[in-house]
Amino acid sequence: DGEAALFPANERTELEQKWNEIQARFVDEPRGSVEEANALVSDLMDRLVSGFSEQRERLEGQWERGDDVTTEDLRMVLMRYRSFFGRLLEVPVDR
């Protein structure tokens, strides 16, 4: 679909497996399952924020030193932000 992946395919598979394991334990351990889900989602959000922050800092460092930042560099960053933004908008919210 042309969007940059938030996580590599092998890592995504591992994360989905962890989520399935957490969900499967809910019947026997509802509180523990929710606690693990919270920790997993929290870790993912921290990793996403960290990754975007590092990328932004690298670009800012290039600008501050006067290095050229190519249009391609900027396009890739914008694609990652677009992908992340789109996924956030697609997250269903139960009311």
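Everything that follows concerns the structure shown earlier in this document.
Residues numbered from 1 in each chain as written. Predicted model: local features only at pLDDT ≥ 70, side-chain atom pairs only at ≥ 80, totals over all residues. Heavy atoms only, no water.

On to the nonpolar core. One finds Leu-6, Phe-7, Leu-15, Ile-22, Ala-37, Leu-40, Leu-44, Leu-48, Phe-52 and Phe-84 forming the largest nonpolar core, which totals 10 residues. Contributing elements (two or more residues each) for this core: α1 (9–24) and α2 (30–65). Element by element, the count of residues in this core is highest for α2, at five residues. In contact with Leu-15, not counting residues within four places along its chain, are Phe-7, Leu-40, Leu-44 and Arg-47. (Core = buried A, V, L, I, M, F, W, Y, C linked by side-chain atoms within 4.5 Å. Buried < 20%, exposed > 50% of the residue type's maximum accessible area, 1.4 Å probe, protein only. Helix = DSSP H or I, 4+ residues; strand = E, 2+ residues; numbered from the N terminus. Contact = heavy atoms within 4.5 Å.)

A grouping of Trp-19, Val-41, Met-45 and Leu-88 is seen on the molecular surface, where their side chains present a nonpolar patch of about 340 Å² in accessible area. Assignment of secondary structure puts Leu-88 in helix α3 (residues 71–90). (Patch = residues over 30% accessible without salt bridge, like charges linked within 9 Å, V, L, I, M, F, W, Y side chains within 5 Å. Areas by Shrake-Rupley, 256 points an atom, 1.4 Å probe, with all protein chains shown as cover. Salt bridge = Lys/Arg side-chain N within 4 Å of Asp/Glu carboxyl O.)

Attention now moves to α3. The α-helix winds at 3.6 residues per turn, so residues separated by three or four positions along the chain end up facing the same way. With 20 residues, α3 should cover 28 Å at 1.5 Å per step; its first-to-last C-alpha distance of 28 Å lies within 8% of that length. Along α3, the residues classified as buried are Val-77, Met-79, Ser-83 and Phe-84. Take α3 and look down its axis: the buried residues cluster within an arc of 155 degrees, on one side only. Turned more than 90 degrees from where α3 packs its buried face, Thr-71, Leu-78, Phe-85 and Leu-89 sit exposed. (Expected span 1.5 Å × (residues − 1). Arc of directions from axis to C-beta.)

What follows covers the pattern of salt bridges. Per the counting criterion, the structure on display carries five salt bridges. In this structure, the salt-bridge partner of Glu-11 is Arg-47, at a minimum N-O distance of 1.6 Å. Of this pair, Glu-11 sits in helix α1 while Arg-47 sits in helix α2, placing them 36 residues apart in sequence. Between Glu-36 and Arg-25 there is a salt bridge, with the nearest N and O atoms lying 2.2 Å from each other. Pair noted here: Glu-36 is in helix α2 and Arg-25 is in the loop between α1 and α2, with a separation of 11 residues, a long-range link. Here Glu-36 falls in the partly exposed class, since its relative accessible area comes to 32%. Residue classification places Arg-25 among the partly exposed positions, given a relative accessible area of 30%.

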